[in-house]
Amino acid sequence: MARPPRQRPGAWVPLLLLLLAGPTTCAASPADDGAGPGGRGPRGRGRGDTGADESVPRHDSSYGTFAGEFYDLRYLSEEGYPFPTAPPVDPFAKIKVDDCGKTKGCFRYGKPGCNAETCDYFLSYRMIGADVEFELSADTDGWVAVGFSSDKKMGGDDVMACVHDDNGRVRIQHFYNVGQWAKEIQRNPARDEEGVFENNRVTCRFKRPVNVPRDETIVDLHLSWYYLFAWGPAIQGSITRHDIDSPPTSERVVSIYKYEDIFMPSAAYQTFSSPFCLLLIVALTFYLLMGTP
(Lines give C-alpha, C1' and ligand atoms only; values in the text may rest on other atoms or scores of the structure.)
Protein backbone atom coordinates (compact mmCIF):
# COMPACT_ATOMS: atom_id res chain seq x y z
CA MET A 1 0.00 0.00 0.00
CA ALA A 2 1.35 3.34 -1.03
CA ARG A 3 2.09 5.97 1.68
CA PRO A 4 0.68 9.51 1.39
CA PRO A 5 3.27 12.09 0.53
CA ARG A 6 5.12 13.33 3.67
CA GLN A 7 4.69 17.05 4.35
CA ARG A 8 7.67 19.11 5.23
CA PRO A 9 7.48 20.18 8.90
CA GLY A 10 8.52 23.75 8.18
CA ALA A 11 5.68 24.55 5.78
CA TRP A 12 3.09 25.41 8.40
CA VAL A 13 5.44 27.14 10.88
CA PRO A 14 5.41 30.56 9.11
CA LEU A 15 1.62 30.43 8.99
CA LEU A 16 1.43 29.68 12.72
CA LEU A 17 3.83 32.47 13.55
CA LEU A 18 1.81 34.90 11.44
CA LEU A 19 -1.42 34.03 13.25
CA LEU A 20 0.22 34.40 16.62
CA ALA A 21 1.87 37.72 15.81
CA GLY A 22 -1.10 39.29 13.98
CA PRO A 23 -2.87 41.10 16.97
CA THR A 24 0.37 42.73 18.05
CA THR A 25 1.37 44.09 14.66
CA CYS A 26 -1.88 45.64 13.47
CA ALA A 27 -1.92 49.29 12.37
CA ALA A 28 -2.19 52.02 14.98
CA SER A 29 -5.54 53.66 15.54
CA PRO A 30 -6.19 57.17 14.16
CA ALA A 31 -6.01 58.54 17.68
CA ASP A 32 -2.38 57.51 18.11
CA ASP A 33 0.52 59.75 17.18
CA GLY A 34 1.48 59.29 13.57
CA ALA A 35 -1.79 57.54 12.62
CA GLY A 36 -4.02 58.63 9.81
CA PRO A 37 -3.31 60.25 6.47
CA GLY A 38 -0.34 62.54 6.42
CA GLY A 39 0.98 61.26 9.72
CA ARG A 40 -1.30 63.59 11.80
CA GLY A 41 -1.28 63.22 15.56
CA PRO A 42 -4.03 63.46 18.22
CA ARG A 43 -7.16 65.49 17.39
CA GLY A 44 -5.97 65.80 13.79
CA ARG A 45 -2.87 67.83 14.78
CA GLY A 46 0.13 67.54 12.53
CA ARG A 47 3.50 66.64 13.90
CA GLY A 48 4.95 69.95 12.86
CA ASP A 49 2.11 72.09 14.31
CA THR A 50 3.96 73.35 17.37
CA GLY A 51 1.58 76.34 17.76
CA ALA A 52 -1.33 74.01 18.23
CA ASP A 53 0.57 72.17 20.96
CA GLU A 54 1.06 75.41 22.88
CA SER A 55 -2.61 76.47 22.65
CA VAL A 56 -3.89 73.23 24.15
CA PRO A 57 -3.18 72.98 27.91
CA ARG A 58 -1.39 69.81 28.83
CA HIS A 59 -2.01 68.19 32.20
CA ASP A 60 -0.28 65.39 33.93
CA SER A 61 -2.59 62.43 34.14
CA SER A 62 -1.28 61.37 37.53
CA TYR A 63 -3.57 61.50 40.55
CA GLY A 64 -1.14 63.69 42.49
CA THR A 65 -1.18 66.42 39.86
CA PHE A 66 -4.98 66.32 39.63
CA ALA A 67 -5.37 66.60 43.39
CA GLY A 68 -2.94 69.53 43.53
CA GLU A 69 -4.75 71.45 40.79
CA PHE A 70 -8.12 70.79 42.44
CA TYR A 71 -6.82 72.06 45.78
CA ASP A 72 -5.46 75.25 44.21
CA LEU A 73 -8.73 76.07 42.46
CA ARG A 74 -11.08 74.98 45.23
CA TYR A 75 -9.39 76.28 48.36
CA LEU A 76 -6.71 78.85 47.64
CA SER A 77 -9.11 80.98 45.58
CA GLU A 78 -11.70 80.95 48.38
CA GLU A 79 -9.10 82.37 50.76
CA GLY A 80 -8.69 85.32 48.44
CA TYR A 81 -5.06 84.36 47.86
CA PRO A 82 -4.87 84.82 44.06
CA PHE A 83 -7.68 87.37 43.75
CA PRO A 84 -7.99 90.91 45.22
CA THR A 85 -11.00 91.61 47.45
CA ALA A 86 -13.34 94.60 47.10
CA PRO A 87 -13.04 97.33 49.76
CA PRO A 88 -15.79 97.45 52.42
CA VAL A 89 -18.75 99.74 51.73
CA ASP A 90 -20.17 102.02 54.40
CA PRO A 91 -23.90 101.17 54.59
CA PHE A 92 -24.82 104.67 55.82
CA ALA A 93 -22.84 107.83 55.09
CA LYS A 94 -22.50 110.00 58.17
CA ILE A 95 -24.30 113.32 58.28
CA LYS A 96 -21.98 116.25 57.58
CA VAL A 97 -22.62 119.26 59.80
CA ASP A 98 -19.91 121.39 58.19
CA ASP A 99 -22.34 122.06 55.32
CA CYS A 100 -25.02 123.47 57.63
CA GLY A 101 -25.97 127.01 56.65
CA LYS A 102 -24.04 126.67 53.38
CA THR A 103 -25.39 123.91 51.16
CA LYS A 104 -28.17 122.75 53.46
CA GLY A 105 -30.32 124.02 56.29
CA CYS A 106 -30.00 122.54 59.80
CA PHE A 107 -31.80 122.51 63.12
CA ARG A 108 -29.99 121.40 66.27
CA TYR A 109 -31.61 120.85 69.63
CA GLY A 110 -29.59 119.96 72.71
CA LYS A 111 -26.28 120.95 74.21
CA PRO A 112 -24.51 123.98 72.71
CA GLY A 113 -22.01 122.93 70.05
CA CYS A 114 -23.64 119.52 69.47
CA ASN A 115 -23.67 117.81 66.09
CA ALA A 116 -25.73 115.15 64.31
CA GLU A 117 -24.33 112.45 66.60
CA THR A 118 -24.60 114.27 69.93
CA CYS A 119 -27.65 116.56 69.72
CA ASP A 120 -30.87 115.42 71.32
CA TYR A 121 -32.46 116.10 67.95
CA PHE A 122 -30.98 117.00 64.56
CA LEU A 123 -32.55 117.76 61.18
CA SER A 124 -31.14 118.94 57.86
CA TYR A 125 -32.72 119.66 54.49
CA ARG A 126 -31.46 120.54 51.02
CA MET A 127 -32.77 120.73 47.48
CA ILE A 128 -31.70 118.01 45.01
CA GLY A 129 -33.37 118.57 41.67
CA ALA A 130 -37.12 118.30 42.12
CA ASP A 131 -36.72 116.66 45.55
CA VAL A 132 -35.89 117.70 49.07
CA GLU A 133 -33.48 115.49 50.98
CA PHE A 134 -34.02 115.25 54.72
CA GLU A 135 -31.63 113.88 57.34
CA LEU A 136 -32.94 113.17 60.84
CA SER A 137 -31.24 111.90 63.97
CA ALA A 138 -32.26 111.70 67.63
CA ASP A 139 -31.10 110.22 70.91
CA THR A 140 -33.71 107.45 71.07
CA ASP A 141 -34.19 103.77 70.32
CA GLY A 142 -37.67 104.29 68.88
CA TRP A 143 -38.51 106.98 66.33
CA VAL A 144 -37.61 110.46 65.14
CA ALA A 145 -39.89 112.69 63.07
CA VAL A 146 -40.51 116.09 61.51
CA GLY A 147 -43.92 117.61 60.99
CA PHE A 148 -44.97 120.33 58.54
CA SER A 149 -47.61 122.56 60.10
CA SER A 150 -49.46 125.78 59.32
CA ASP A 151 -49.09 126.72 63.00
CA LYS A 152 -46.99 125.60 65.94
CA LYS A 153 -49.64 123.28 67.31
CA MET A 154 -50.13 119.57 66.76
CA GLY A 155 -53.13 118.79 64.57
CA GLY A 156 -53.67 118.63 60.81
CA ASP A 157 -49.95 118.15 60.14
CA ASP A 158 -48.01 116.21 57.51
CA VAL A 159 -45.43 114.06 59.36
CA MET A 160 -42.46 112.02 58.17
CA ALA A 161 -41.04 109.58 60.74
CA CYS A 162 -38.12 107.18 60.87
CA VAL A 163 -39.12 104.20 63.00
CA HIS A 164 -36.80 101.56 64.47
CA ASP A 165 -38.58 98.20 64.48
CA ASP A 166 -37.93 94.98 66.42
CA ASN A 167 -35.91 93.51 63.55
CA GLY A 168 -33.31 96.27 63.82
CA ARG A 169 -34.40 98.05 60.64
CA VAL A 170 -35.23 101.75 60.34
CA ARG A 171 -38.29 102.36 58.15
CA ILE A 172 -39.58 105.67 56.79
CA GLN A 173 -43.29 106.11 57.48
CA HIS A 174 -45.85 108.78 56.66
CA PHE A 175 -48.31 110.06 59.27
CA TYR A 176 -51.03 112.68 59.54
CA ASN A 177 -51.76 114.30 62.89
CA VAL A 178 -55.42 114.06 63.78
CA GLY A 179 -55.52 116.20 66.89
CA GLN A 180 -52.96 114.67 69.27
CA TRP A 181 -52.99 111.33 67.49
CA ALA A 182 -50.68 110.38 64.62
CA LYS A 183 -52.47 108.29 62.00
CA GLU A 184 -50.31 106.31 59.59
CA ILE A 185 -51.01 107.05 55.92
CA GLN A 186 -50.35 104.33 53.36
CA ARG A 187 -49.46 106.82 50.66
CA ASN A 188 -45.82 107.55 51.40
CA PRO A 189 -44.02 110.26 49.37
CA ALA A 190 -40.56 109.18 50.63
CA ARG A 191 -38.01 107.57 48.32
CA ASP A 192 -34.30 106.73 48.35
CA GLU A 193 -34.78 105.73 51.96
CA GLU A 194 -31.97 104.63 54.26
CA GLY A 195 -31.63 104.44 58.00
CA VAL A 196 -29.55 103.00 60.79
CA PHE A 197 -29.74 102.41 64.53
CA GLU A 198 -26.35 102.87 66.18
CA ASN A 199 -25.15 104.06 69.58
CA ASN A 200 -28.74 104.27 70.82
CA ARG A 201 -29.59 106.74 68.05
CA VAL A 202 -32.07 106.52 65.19
CA THR A 203 -30.68 108.18 62.06
CA CYS A 204 -32.21 108.26 58.61
CA ARG A 205 -32.08 109.94 55.22
CA PHE A 206 -34.78 110.17 52.55
CA LYS A 207 -36.12 112.31 49.73
CA ARG A 208 -39.61 113.51 48.90
CA PRO A 209 -40.80 115.61 45.95
CA VAL A 210 -41.25 119.34 46.35
CA ASN A 211 -44.55 119.39 44.48
CA VAL A 212 -47.18 116.68 44.85
CA PRO A 213 -50.73 116.29 43.49
CA ARG A 214 -53.27 117.90 45.75
CA ASP A 215 -53.61 115.75 48.86
CA GLU A 216 -54.85 116.71 52.29
CA THR A 217 -52.19 114.64 54.03
CA ILE A 218 -49.17 115.71 51.92
CA VAL A 219 -48.16 119.36 51.83
CA ASP A 220 -46.30 121.17 49.04
CA LEU A 221 -42.83 121.89 50.31
CA HIS A 222 -42.30 124.84 47.99
CA LEU A 223 -44.51 126.68 50.49
CA SER A 224 -43.19 127.71 53.91
CA TRP A 225 -44.28 125.76 57.00
CA TYR A 226 -43.55 125.61 60.69
CA TYR A 227 -41.42 122.56 61.47
CA LEU A 228 -42.39 120.36 64.43
CA PHE A 229 -39.59 118.25 65.90
CA ALA A 230 -40.37 115.10 67.87
CA TRP A 231 -38.88 111.77 68.94
CA GLY A 232 -39.78 108.99 71.33
CA PRO A 233 -40.00 105.24 72.03
CA ALA A 234 -41.57 102.59 69.84
CA ILE A 235 -43.31 99.34 70.75
CA GLN A 236 -43.03 96.54 68.18
CA GLY A 237 -42.31 99.06 65.45
CA SER A 238 -45.23 101.36 66.35
CA ILE A 239 -44.62 104.90 67.59
CA THR A 240 -45.77 106.00 71.04
CA ARG A 241 -45.96 109.36 72.78
CA HIS A 242 -42.94 111.63 72.30
CA ASP A 243 -40.28 111.90 74.98
CA ILE A 244 -40.99 115.46 76.13
CA ASP A 245 -44.35 117.09 76.77
CA SER A 246 -43.67 120.15 74.62
CA PRO A 247 -41.46 119.19 71.68
CA PRO A 248 -39.51 122.03 70.08
CA THR A 249 -40.72 123.81 66.96
CA SER A 250 -39.19 126.30 64.57
CA GLU A 251 -39.62 129.89 65.72
CA ARG A 252 -40.84 130.94 62.27
CA VAL A 253 -41.90 129.32 59.04
CA VAL A 254 -39.14 127.52 57.14
CA SER A 255 -38.40 127.88 53.43
CA ILE A 256 -36.57 125.01 51.76
CA TYR A 257 -34.87 127.56 49.51
CA LYS A 258 -33.14 129.28 52.43
CA TYR A 259 -30.34 127.46 54.23
CA GLU A 260 -29.78 128.38 57.88
CA ASP A 261 -28.01 126.73 60.79
CA ILE A 262 -30.32 127.16 63.79
CA PHE A 263 -29.49 125.99 67.29
CA MET A 264 -32.10 125.56 70.02
CA PRO A 265 -30.88 124.78 73.56
CA SER A 266 -32.63 121.92 75.31
CA ALA A 267 -34.46 122.46 78.61
CA ALA A 268 -31.34 121.70 80.63
CA TYR A 269 -29.57 124.66 79.02
CA GLN A 270 -32.50 127.08 79.04
CA THR A 271 -32.62 127.66 82.80
CA PHE A 272 -30.45 130.75 82.81
CA SER A 273 -31.42 132.04 79.39
CA SER A 274 -34.99 133.14 80.13
CA PRO A 275 -35.54 136.87 80.86
CA PHE A 276 -37.02 136.16 84.29
CA CYS A 277 -33.99 134.14 85.40
CA LEU A 278 -31.59 136.79 84.12
CA LEU A 279 -33.51 139.49 85.98
CA LEU A 280 -33.45 137.40 89.15
CA ILE A 281 -29.68 136.89 88.86
CA VAL A 282 -29.13 140.65 88.43
CA ALA A 283 -31.30 141.41 91.48
CA LEU A 284 -29.48 138.89 93.67
CA THR A 285 -26.10 140.19 92.54
CA PHE A 286 -27.09 143.77 93.31
CA TYR A 287 -28.42 142.72 96.73
CA LEU A 288 -25.20 140.93 97.63
CA LEU A 289 -22.99 143.81 96.48
CA MET A 290 -24.96 146.47 98.35
CA GLY A 291 -25.31 144.39 101.43
CA THR A 292 -28.17 144.43 103.91
CA PRO A 293 -29.06 147.74 105.70
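Residues numbered from 1 in each chain as written. Predicted model: local features only at pLDDT ≥ 70, side-chain atom pairs only at ≥ 80, totals over all residues. Heavy atoms only, no water.

As named in an unreviewed UniProt entry, the chain is DOMON domain-containing protein FRRS1L isoform X2, taken from Mustela putorius furo.

1. A few points about the overall build of the chain
A tally of regular secondary structure across the chain gives four helices and 13 strands. Pairs at least 24 residues apart make up 53% of the contacts formed inside the chain by residues separated by at least 6 positions. About 19800 Å² of surface is accessible on the chain, with carbon and sulfur atoms providing 57% of the total. (Helix = DSSP H or I, 4+ residues; strand = E, 2+ residues; numbered from the N terminus. Contact = heavy atoms within 4.5 Å. Areas by Shrake-Rupley, 256 points an atom, 1.4 Å probe, with all protein chains shown as cover.)

2. Section: the pattern of salt bridges
Taken as a whole, this structure holds 13 salt bridges when the rule is applied. Two residues, D131 and R191, come together in a salt bridge whose shortest N-O distance is 2.4 Å. Taken as a pair, D131 in strand β3 (residues 131-138) and R191 in strand β8 (residues 191-198) lie far apart in primary sequence, 60 residues in all. Looking at D131, the relative accessible area reads 11%, which means it is buried. Counted as one network, the salt bridges with shared partners bring together K104, E135, E194 and R205. (Salt bridge = Lys/Arg side-chain N within 4 Å of Asp/Glu carboxyl O. Buried < 20%, exposed > 50% of the residue type's maximum accessible area, 1.4 Å probe, protein only.)

3. Things to note about the nonpolar core
Formed by 30 residues in total, the largest nonpolar core has its most connected members in Y121 and Y227. Those elements giving two or more residues to this core turn out to be β1 (105-110), β2 (121-128), β3, β4 (143-149), β5 (158-164), β6 (170-178), β9 (201-209) and β10 (226-232). If you tally residues by element for this core, the top one is β3, at four residues. With residues near it in sequence (within four places) discarded, Y227 still touches F107, L123, Y125, F134, V146, G147, F148, P248, T249, S250, V254 and I256. (Core = buried A, V, L, I, M, F, W, Y, C linked by side-chain atoms within 4.5 Å.)

4. Re the sheet that holds β9
One open sheet holds the six strands; their spatial order is β8-β9-β3-β2-β1-β13, and the pairing between them is mixed. Since the sheet does not close on itself, it has two edges, and those belong to β8 and β13 (261-265), each with one partner. Adjacent strand axes in the sheet meet at a mean angle of 10°, parallel and antiparallel pairs treated alike. Where β1 and β13 come together, five bridges link them in parallel fashion. When the sheet's bridge partners are listed, Y109 is paired in β13 with M264. (Pairing = 2+ DSSP bridges. Axes fitted to C-alpha atoms, helices over the stretch in contact; angles between N-to-C directions.)

5. Considerations on the state of the cysteines
Applying the stated criterion across every chain yields a total of three disulfides. Paired by a disulfide, C162 and C204 hold their sulfur atoms 1.8 Å apart. Judged by the torsion about the S-S bond (60°), the C162/C204 disulfide is right-handed. Highlighted residues: C162 in strand β5 and C204 in strand β9, separated in sequence by 42 residues. Per residue, the accessibility class of C162 equals that of C204, and both read buried. Ordinal numbering of bonded cysteines along the chain defines a disulfide pattern of 1-2, 3-4, 5-6. (Disulfide = S-S within 2.5 Å.)

6. Remarks on the sheet that holds strand β7 (residues 181-184)
Across the sheet, five strands lie side by side as β7-β6-β5-β4-β10; this open sheet has antiparallel pairing. The open sheet terminates on both sides in strands that have one partner only, identified here as β7 and β10. Sheet twist, expressed as the average angle between the axes of neighbouring strands with direction ignored, equals 30°. In terms of strand pairing, β4 meets β10 through seven bridges, oriented antiparallel. Its bridge partner lying in β10, F148 is registered against Y227.

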